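# Structural features, examined
Letter by letter, the chains look like this.
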Amino acid sequence: MATRKELANAIRALAMDAVQKANSGHPGAPMGMADIAEVLWNHHLRHNPANPKWADRDRFVLSNGHGSMLIYSLLHLTGYDLPMDEIKTFRQLHSKCAGHPEYGYAPGVETTTGPLGQGIANAVGFAMAEKLLAEQFNKPGHDIVNHRTWVFLGDGCMMEGVSHEACALAGTWGLGKLTAFWDDNGISIDGHIEGWYTDDTAKRFEAYGWHVVPNVDGHDPVAIEAAIEEAKKVTDKPTLICTKTIIGWGSPNKSGSHDCHGSALGDAEVAATRANIGWNHDPFVIPQDIYDGWNARTKGQGSETLWNNKFAEYAAAYPAEAAEFKRRMAGELPANWKEATAALIQATNEKAEGVATRKASQNAINALAGLLPEFVGGSADLTGSNLTNWTGAHHVHGKKPGNYISYGVREFGMAAIMNGMALHGGILPFGGTFHMFSDYMKNGMRMSALMHQRVVYVLTHDSIGQGEDGPTHQPVENTSGLRYIPRMDVWRPADSVETAIAWVAAVERSEGPTSLVLSRQNVPGIKHDDAQLALIRKGGYVFSDVAGKADVILIANGSELDLAIKAAAVLTEEGKKVRVVSMPSTNVFDRQDQAYKDSVLTPGVKRVAVEAAHPDFWRKYVGLEGAVVGIDTFGESAPGGALFKHFGFTVDNVVNAAKSVM
Ligand SMILES: Cc1ncc(C[n+]2csc(CCOP(=O)(O)OP(=O)(O)O)c2C)c(N)n1
Ligand SMILES: [Mg+2]
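Here we summarise the structure given alongside this text. Every chain's residues receive numbers from 1 upward, in the order its sequence appears when written. In the order they appear in the text, chains get letters beginning with A and ligands get numbers beginning with 1. In keeping with the predicted nature of the model, local features appear solely for residues at pLDDT of at least 70, side-chain atom pairs appear and are counted solely at 80 or more, and the whole-chain, interface and lining totals rest on all residues. Side-chain metrics in this entry use all non-hydrogen atoms of the structure; hydrogen atoms and water are not considered.

## Quick notes on the overall build of the protein chain
A count of helical and extended segments in the protein chain gives 27 helices and 18 strands. For the protein chain, the spread of C-alpha atoms along the principal axes amounts to about 90 × 60 × 45 Å. Whether two residues touch is decided by their heavy atoms; if any such pair falls within 4.5 Å, the residues are in contact. Pairs at least 24 apart in sequence give 77% of the contacts found in the protein chain among residues at least 6 apart. Surface accessibility in these figures is a Shrake-Rupley result with a 1.4 Å probe; residues are shielded only by whichever protein chains are displayed. Summing over all exposed atoms, the protein chain offers an accessible surface of approximately 23800 Å²; the carbon and sulfur share of this is 52%. Charged residues are defined here as Lys and Arg on the positive side and Asp and Glu on the negative side; His and the ends of the chain fall outside this count. One atom stands in for each charge, and that atom is NZ of Lys, CZ of Arg, CG of Asp or CD of Glu. Charge centroids of the protein chain, computed over 60 positive and 74 negative side chains, lie 4 Å from each other. We count a stretch as a helix when DSSP gives it H or I for four or more residues in a row; a strand needs E for two or more, and each element gets its number in order from the N terminus.

## Focus on the packing of aromatic side chains
Aromatic ring pairs are described here by two measures, namely the spacing of the ring centres and the angle between the planes. Stacked, tilted and edge-to-face are the three classes applied to pairs of Phe, Tyr and Trp rings, where Trp contributes its six-membered ring and a pair requires centres within 6.5 Å; stacked means planes under 30 degrees apart, edge-to-face means over 60, and tilted covers the rest. Scanning the model with the defined rule gives 29 aromatic pairs in all. Relative to Phe 90, the ring of Tyr 72 has its centre 6.1 Å away and its plane inclined at 70 degrees; by these criteria the two rings are edge-to-face. In this pair, Tyr 72 sits in helix H3 (residues 68-78) while Phe 90 sits in the loop between helix H4 (84-88) and helix H5 (118-137), placing the two residues 18 residues apart along the sequence. Note on accessibility: Tyr 72 and Phe 90 belong to one class, buried. Here Phe 375 and Trp 390 contribute two aromatic rings whose centre-to-centre distance is 6.2 Å and whose plane-to-plane angle is 50 degrees, an arrangement assigned as tilted. The cut-offs for exposure are 20% and 50% of the maximum accessible area for each residue type, with area from a 1.4 Å probe on protein chains only; residues under the lower value are buried, those over the upper are exposed, and the others partly exposed.

## Overview of unusual backbone geometry
The backbone of His 94 sits at a positive phi, close to 70 degrees, despite the residue not being glycine. As for its placement among the helices and strands, His 94 is situated in the loop between H4 and H5. A positive phi angle is found at Ala 352, which is not glycine, with a value near 45 degrees. Take Ala 352: it is sitting in the loop between helix H14 (337-351) and helix H15 (357-369).

## A few points about the site of ligand 1
Here, proximity means that at least one heavy atom of the residue falls within 4 Å of the molecule or strand. The local shell around ligand 1 holds 15 residues, among which Gly 114, Gly 156, Asn 185, Ile 187 and His 261 are the closest. Taking Asn 185, its side chain carries an N or O atom lying 2.6 Å from an oxygen atom of ligand 1. Any pair of N or O atoms that falls within 3.5 Å is considered a polar contact. Within protein, one atom must be able to donate a hydrogen and the other to accept it, and sequence-neighbouring residues count only if both atoms are side-chain atoms. Within the contact set of ligand 1, an oxygen atom lies 2.5 Å away from a side-chain nitrogen or oxygen of His 261. Protein coverage of the free-state accessible area of ligand 1, which is 590 Å², stands at 74%. When residues of the shell around ligand 1 are traced back to their parent elements, those giving at least two are helix H6 (155-159) and strand E4 (187-188). Under the convention adopted here, Pro, Cys and the residues Ala, Val, Leu, Ile, Met, Phe, Trp and Tyr are nonpolar, Asp, Glu, Lys and Arg are charged, and Gly plus all remaining residues are polar. Residues of the shell around ligand 1, tallied by class, amount to 6 nonpolar, 7 polar and 2 charged.

## Description of the coordination of the magnesium ion (ligand 2)
Asp 155 (OD), Asn 185 (OD1) and Ile 187 (O) make up the full set of protein donors to the magnesium ion (ligand 2), lying at 2.1 to 2.2 Å. Here the coordinating atoms are restricted to nitrogen, oxygen and sulfur within 2.8 Å of the metal centre, or 3.2 Å for Na, K and Ca, and because water is not among them the sites may look incomplete. Donor residues binding the magnesium ion (ligand 2) come from one chain and are separated in sequence as D-x29-N-x1-I. Taken together, the positions of Asp 155 in helix H6 and Ile 187 in strand E4 put the pair 32 residues apart, joining distant regions of the chain. We classify Ile 187 as buried; its relative accessible area is 5%.

## Some points on the sheet that holds strand E2 (residues 149-154)
Within the open sheet, the 5 strands sit side by side as E1-E2-E3-E7-E6. Their pairing is parallel. Of all the strands in the sheet, just strand E1 (59-62) and strand E6 (211-217) have a single pairing partner and so form its edges. Going across the sheet, the axis of each strand differs from the next one's by a mean of 15 degrees, ignoring polarity. Two strands qualify as a pair provided that DSSP identifies no fewer than 2 bridges between them. Relative to E2, E1 is paired through 4 bridges, and the arrangement is parallel. Within E2, the residue paired with Arg 59 across the bridge is Thr 149. Inter-axis angles, ranging from 0 to 180 degrees, are taken between N-to-C directions of lines fitted to C-alpha atoms, where helices are fitted over the stretch in contact.

## Brief notes about the sheet that holds strand E18 (residues 627-629)
Ordered in space as E14-E16-E15-E17-E18, the 5 strands form an open sheet in which the pairing is mixed. A strand with exactly one partner marks an edge of an open sheet, and here the two such strands are strand E14 (541-544) and E18. Sheet twist, expressed as the average angle between the axes of neighbouring strands with direction ignored, equals 30 degrees. Relative to strand E16 (residues 578-582), E14 runs antiparallel, the two sharing 3 bridges. Bridged to Val 542 within E16 is Val 581. Sitting on the sheet, helix H22 (residues 561-573) touches E14, strand E15 (552-556), E16 and strand E17 (606-610), and the angle it makes with E16 is about 175 degrees.

## Quick look at the pattern of salt bridges
Salt bridge, as used here, is a side-chain nitrogen of Lys or Arg placed within 4 Å of a carboxyl oxygen of Asp or Glu. In the structure shown here, the tally under the stated rule is 28 salt bridges. Of the charged contacts, one joins Arg 591 and Asp 489 as a salt bridge, the two residues approaching to 2.8 Å between their closest N and O atoms. Here the residue Arg 591 occupies a position in the loop between helix H23 (586-590) and helix H24 (594-600), and Asp 489 occupies one in strand E12 (residues 489-491), the gap between them amounting to 102 residues. Residue classification places Arg 591 among the partly exposed positions, given a relative accessible area of 48%. Asp 489 gets classed as buried once you look at its relative accessible area, which sits at 2%. Between Glu 511 and Arg 509 there is a salt bridge, with the nearest N and O atoms lying 3.9 Å from each other.

## A look at the nonpolar core
Membership of the largest hydrophobic core comes to 79 residues, with the highest contact counts inside it found for Phe 375, Trp 503, Leu 554, Ile 555, Val 608 and Phe 649. If one sorts the elements of this core by residue count, helix H20 (residues 496-508) sits on top with 8 residues. Leave out the neighbours within four places in its chain, and Val 608 touches Val 552, Ile 553, Leu 554, Ile 555, Val 622, Ala 627, Val 629, Ala 657, Ala 658 and Val 661. For our purposes a nonpolar core is just a set of buried Ala, Val, Leu, Ile, Met, Phe, Trp, Tyr and Cys residues, chained together by side-chain atoms within 4.5 Å. In terms of nonpolar packing, the next biggest core, distinct from the first, is built from 74 residues, Ala 55, Cys 242, Tyr 407 and Met 421 among them.

## Considerations on the pairing of strand E3 (residues 178-184)
It is a general feature of regular strands that their side chains alternate between the two faces of the sheet. Most of E3 sits inside the fold, with 7 of its 7 residues counted as buried. With 6 bridges connecting them, E2 and E3 associate as parallel partners. Looking at the pairing, Val 151 lines up with Ala 180 of E3. Where E3 lies against strand E7 (residues 239-244), 6 bridges are found, and the strand directions are parallel. Each residue of the ladder has a partner; that of Phe 181, found in E7, is Ile 241.

## Re the environment of Gly 470
For Gly 470, the location among the structural elements is in the loop between strand E11 (456-460) and helix H19 (478-483). When the C-alpha positions of Gly 470 and Arg 274 are compared, they lie 62 Å apart, and in sequence the two are 196 residues distant. What Gly 470 contacts, discounting residues up to four positions off in sequence, is Glu 636 and Ser 637.

## A word on the packing of H15 against H20
Two elements in contact, H15 and H20, have axes separated by 9 Å at closest approach and are oriented at 50 degrees. Judged on the interaxial angle alone, H20 and H15 are oblique. Read as a crossing pair, H15 and H20 show a hand that is right-handed. From H15, Thr 357, Ala 360, Ser 361, Ala 364, Ile 365 and Leu 368 reach across to H20, where they touch Ser 496, Thr 499, Ala 500, Trp 503 and Val 507. Here the contact of H15 with H20 is composed, by residue class, of 7 nonpolar, 4 polar and no charged. Just so you know how the angles are binned, under 35 degrees is roughly parallel, over 145 roughly antiparallel, 65 to 115 roughly perpendicular, and the rest oblique. By definition, turning the near helix anticlockwise from the far helix through less than a right angle yields a left-handed crossing, and turning it clockwise yields a right-handed one.

## Here's the deal with H22
Look at H22: 19 Å from first C-alpha to last across 13 residues, which is about the 18 Å you get at 1.5 Å a residue. As for H22, its buried residues are in contact with H20, E14, E15, E16, E17 and helix H27 (651-661). Trailing H22 by a residue or two, Gly 575 shows a phi angle of about 90 degrees, which is positive. How far a helix is expected to stretch is found by multiplying one less than its residue total by 1.5 Å.

As structure tokens, this is what we get:
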């Protein structure tokens, strides 16, 4: 039987050989954390390699994602569908073993990691999802939701601010099933960290309300085992296990130094490491006894079967809840979704209320929350401004679970935690902040898109129209910045109906996130006919038209649609033929077929776009011969109406812009 050291050395060998073959990658962290991984994966992690999607599996997150060969080795060795050929093509095009662990590539990778700090924040989201779902679904004697979240993180994750945001919340929420292992190796890319990372990390986490196991020898399985046992005993606090490790353990000349962090060891050092750790096998050859020592298939199937039986008993006692649990974990919408949302849109259209689109959003949330128990809403301390709460929402308060989260002033943490909850399944998270501060969480938003996650961002106070708070709070480039994120759908609706439709589209969009860009100020109510109601879903549509060929097309969205409508009236008076196009979502419009797009933006007709935002984006719709009424400077502090005038968002100006192109 292989010893624990030999089992851990298999990770070291795979990591150094794969990095050597690719001549790219990070051998240091996998070699340093191999002993910890061996203890956790062979003796504590509850998982089934044959079914990486089993609902009640433990979640494992490698937050120090540069150490990707660690997780690939673990998945391969324990019996996931990740054959050696994939390991051999590490970091090559179409390999499941991408440079960093990418969600949706190798089975068993729960989240994409690499942007440091976000993995640990995702893990907080996973653990929070577990807690919230346990509260909603478990019944006395039936704990169908009962699993742990384990996370490895390095010094880099610790230094990133988002780890502070998320870990503080994990402490406040008392996430007792979250256990983090800090790879305390004293090294980051620039070298020995004494010059830039001198925090007392143990005290920091104690201050957050975590249980901390300090000074664990990360190369001593007995010490690691004891630390894990201690963590399991603490049920009302997350645990940080501080493991002292040596980066690149086993490499005689490069261990303990940043030299092994991010490049191949080199043939000579790989050979020296083989000799040093007594690994006498060729690259990518794993002896059977080592495979046997790692194989988790039988045990994993056993764990899942136990749960399947548990779930069958639950389903017998609580059939409705069991069906609902399955629906939610599958990310399916409720059976009455189509009719209920059609009715919501009709009712909103009948009322045609003239309210701020943030208020229209709240009205939509109120209606949708009744249909979607999977909603977990929240805001980064701007609930009263974002209007993200709804009647009957239950606030998470400290350790008390619920379905509405005050994230505090932690935008990035909110985004990364929402990603974790979405990835966990069973929850549809949305969170609000001022649109301006989407920049604070932007990489988290990008990660939602990269990972195809259904997360809804509620971004209010969407332009200079927000007024008195001034240029620090007035988005100019932000809406288009978000539009440029692949797979992010951005909606900037013009009225309450478009807002309701945008919400329905966001919820139906299972393949990616949506940003709802919403006004602080009131916008007029508009009644749409049935044909138009259907076309809004296409992202852009003819709002009003003329007989025959138009002289000019005015394209607008959000609070500026009203300006376009009024400018069109003036121009019509003057005998011009004007079409008005409402374009709440350019992303959605761009996906329509060419015939539809041409029917809205007829080729050859001059165009003017109006958006209280940076004009450059609109050139792709208006061309160089068109005009854009936009703003390419920072805003100013004044009432919103005064700023619209000051920056040229007036009927006159739109009329003049139209005349200038005709
Ligand atoms: C947000 C972010 N910034 C920078 C990087 C580039 N980077 C990758 S690893 C690393 C250093 C990480 O140090 P540590 O976590 O201690 O890893 P170790 O060298 O110990 O494996 C940096 C700066 C990154 N991946 N993500
Ligand atoms: Mg380090």
